[in-house]
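# Inside the fold
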Amino acid sequence: MPYSLTGHVIRFITHTRWQDFPETVRHQSRRCLMDALGAMIAGAKTPVGAIMTEMALEQYPGDQASILVVNRRASLVGAVLANGFAGNALDIDDGYRRVKGHPGACILPVVLAAAEAAESSGEAFLTALVLGYEIGIRAGLIRHATYATYHSSGSWGAVAAAAAGGRLLGLSPDTLRHAMGSAEYHAPIAPMMKGIDTPSMGKDSIGWGAMVAMNAILMARKGFTGIRPLFDDTPERAWVENLGREWEILNVYFKPYAACRWGQPAVAGALKIVREHHLDPSEIRHIRVRTFEAAARLPIGHPRNTEEAQYSLVFPVAAALTDGEVGPAQVLPPRLHAPELTALLNRISIEVEPSFDDEFPAKAPAEVSVETMTGQRFSSGRIEALWEPPDTLPSDADLQQKFLWLTAPIIGRDAACKLAEQIWSADRWADIHPIIDGSRAAA
């Protein structure tokens, strides 16, 4: 293939080996696997996870790949659809600041299905996962730079997942080009701010983007032709040319709370005040959140369902103040309707801070102020979300504890501990059955 940025990308996908990654990247691949898999296992037990599992079994039946947790099999497309929606169902999966979206949740479902179908080793599986992150983040940068409307992760995640899954399924360079081109062409260009204004199960179109990616791979294998992928459209050649030299997987953030990332600085600020001053929610008269404009667009009403709870700015703050955490237990029924939690919602006000808006999206700060019933006032000061690169990334122990927190209620404590320990040596697996077998729901 003559030199082009697209050709450069394809050579990177087809020629890069596990041994070519620095040790920091190899280690980060296991961290990202643990985080994305934990979100997927927990997400399978949400309302949207149940709906999409049922859809996959009814509309895309087969015996090619596993739907995690429920221990059922479907076609490659069906398994990817169900696992893809589960991966982002709790909005607790990783992200990358400059693309305002989630690489891991779109890539992992396709890589899982492709690795299972191809009987890939753990090393091949993790190699494809890293390639997906590197391609996806760059595709996201290009897509946002060349398309005016802020749109969902599935729009560029589909290209990444087609690249990673195509590598595992042994696509030739030319077929891989067609697969990525078809994934780009058919990917969901979902208007993200409409999804903020009216939260729904469509979320970040990640499940749909993953399904498009797998379809694009299978179509390309049969000779379906696609457009030239977007890499030659980039306004910054360095974004693509630095593949293999700069490793963007090292710059993803992780999420300690099951809520939109834009609301997580406010959660961190609220918890900081409560812990420093030992406040009980009953002592609080008013909470003021100052933040950037996009975060202020998050709804402030009483959430009726899980999606509205996650895409709220006030609900996660109230949940954090009441329960000390924002996880599956808070954003799923019946807790999201608890009177003592919802009573706090009317005490929270939101203001846009212009200086914070100037920092977005490179930074996403907030400031929380609390006034008590006795007139005391406390402020968090300017604060950013936890687990943000480069300064507050979680330790391995933090990520493993998060994994256990999410998965133990679903698959059992012993199984969760065993799977977590296995992930740290995933590159030595003969195949990926430790995930398939280890993710089954507890009896």
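Look up: the structure comes first, before these words.
Residues numbered from 1 in each chain as written. Predicted model: local features only at pLDDT ≥ 70, side-chain atom pairs only at ≥ 80, totals over all residues. Heavy atoms only, no water.

### Examining the nonpolar core
With 107 residues, the main nonpolar core has Leu33, Leu37, Phe125, Met180 and Phe231 as its most contacted residues. Among the elements that take part in this core, helix H6 (residues 122-146) stands out by supplying 12 residues, more than any other. Excluding residues within four positions of it along the chain, phenylalanine 231 makes contact with Leu5, Thr6, Val9, Ile135, Ala139, Ile142, Val159, Met180 and Val240. Counting residues in hydrophobic clusters, the runner-up holds 51 residues, among them Ile284, Tyr311, Leu336 and Ile348. (Core = buried A, V, L, I, M, F, W, Y, C linked by side-chain atoms within 4.5 Å. Buried < 20%, exposed > 50% of the residue type's maximum accessible area, 1.4 Å probe, protein only. Helix = DSSP H or I, 4+ residues; strand = E, 2+ residues; numbered from the N terminus. Contact = heavy atoms within 4.5 Å.)

### Considerations on the pairing of strand E3 (residues 284-291)
Both E3 and strand E5 (residues 366-372) contribute to a ladder of 7 bridges, which runs antiparallel. What sits directly across from isoleucine 287, in E5, is valine 370. Pairing between E3 and strand E4 (residues 348-352): 5 bridges, direction parallel. Within E4, the position partnered with isoleucine 287 by the bridge is isoleucine 348. (Pairing = 2+ DSSP bridges.)

### As for the packing of aromatic side chains
Applying the stated criterion across every chain yields a total of 7 aromatic pairs. Residues tryptophan 18 and phenylalanine 21 carry aromatic rings whose centres are separated by 6.0 Å and whose planes lie at 85° to one another, so their mutual orientation is edge-to-face. Each of the two residues, tryptophan 18 as well as phenylalanine 21, counts as buried. An angle of 90° between the planes, with centres 5.6 Å apart, marks the rings of tryptophan 262 and phenylalanine 360 as edge-to-face. (Phe/Tyr/Trp six-rings, centres within 6.5 Å; stacked < 30°, edge-to-face > 60°.)

### Considerations on the sheet that holds E3
Read across the sheet, 4 strands follow the order E4-E3-E5-E6 without closing on themselves; strand pairing throughout is mixed. The sheet is open, and its two borders are formed by E4 and strand E6 (377-379), each paired with just one other strand. Along the sheet, successive strands turn relative to each other by an average axial angle of 20°, direction set aside. Docked against the sheet, helix H15 (residues 314-323) engages E3 and E4, running at close to 130° with respect to E4. (Axes fitted to C-alpha atoms, helices over the stretch in contact; angles between N-to-C directions.)

### What to know about the state of the cysteines
Tallied over the full model, the rule gives 0 disulfides. Its sulfur unpaired, cysteine 32 is 15 Å from the next cysteine sulfur, which belongs to cysteine 106. According to the relative accessible area criterion, cysteine 32 is buried, its value standing at 0%. Cysteine cysteine 260 is unpaired, with the sulfur of cysteine 106 as its nearest cysteine sulfur at 17 Å. What makes cysteine 260 buried here is its relative accessible area of 7%. (Disulfide = S-S within 2.5 Å.)

### Description of the environment of isoleucine 350
Mapping isoleucine 350 onto the fold places it in strand E4. A sequence separation of 18 residues divides isoleucine 350 from valine 368, and the C-alpha atoms of the two residues are 9.5 Å apart.

### Remarks on the packing of helix H7 (residues 154-168) against helix H8 (residues 173-186)
Between H7 and H8, the least distance of the axes is 8 Å, while the angle of their chain directions is 155°. Taken together, the axes of H7 and H8 are roughly antiparallel relative to one another. By crossing handedness, the relation of H7 to H8 is classed as right-handed. Of H8, the residues touching H7 (which contributes Ala158, Val159, Ala162, Ala163, Gly166 and Arg167) are Leu176, Ala179, Met180, Ala183 and Glu184. For the contact of H7 with H8, the class distribution of residues is 8 nonpolar, 1 polar and 2 charged. (Parallel < 35°, antiparallel > 145°, perpendicular 65-115°, else oblique. Left-handed = near helix turned anticlockwise from the far one by under 90°. Nonpolar A, V, L, I, M, F, W, Y, C, P; charged D, E, K, R; others polar.)

### Some words on the pattern of salt bridges
For the structure shown, the criterion picks out 29 salt bridges. With its nearest N and O atoms 2.7 Å apart, the salt bridge here joins aspartate 35 to lysine 402. With aspartate 35 in helix H2 (residues 23-43) and lysine 402 in helix H19 (residues 396-411), this residue pair connects regions lying 367 residues apart in the sequence. The pair formed by aspartate 35 and lysine 402 is uniform in burial state, with each residue classed as buried. With a shortest N-O distance of 2.8 Å, arginine 73 and aspartate 63 are connected by a salt bridge. With a gap of 10 residues between them, arginine 73 in strand E2 (residues 72-74) and aspartate 63 in the loop between helix H3 (47-59) and strand E1 (65-67) connect regions that are remote in the sequence. Overall, the relative accessible area of 33% leaves arginine 73 in the partly exposed class. Residue classification places aspartate 63 among the exposed positions, given a relative accessible area of 56%. Each of Glu23, Arg26, Arg30 and Asp427 takes part in salt bridges that share partners, so that together they form one network. (Salt bridge = Lys/Arg side-chain N within 4 Å of Asp/Glu carboxyl O.)

### As for unusual backbone geometry
At the junction of phenylalanine 360 and proline 361, the peptide bond is cis and its omega measures out at 10° in the coordinates. Tracing the backbone through its elements, the reader meets proline 361 in the loop between helix H18 (354-359) and E5. Following proline 389, the chain continues to proline 390 via a peptide bond in cis, the omega torsion being 0°. Along the chain, proline 390 falls in the loop between E6 and H19. Of note, asparagine 71 is a non-glycine position whose phi angle comes to about 60°, a positive value. Examined against the element boundaries, asparagine 71 turns out to sit in the loop between E1 and E2. The residue lysine 100 is not glycine, and still its phi comes out positive at about 50°. Its place among the elements puts lysine 100 in the loop between helix H4 (76-88) and helix H5 (104-118). Look at lysine 100 and you get partly exposed, because its relative accessible area is 26%.

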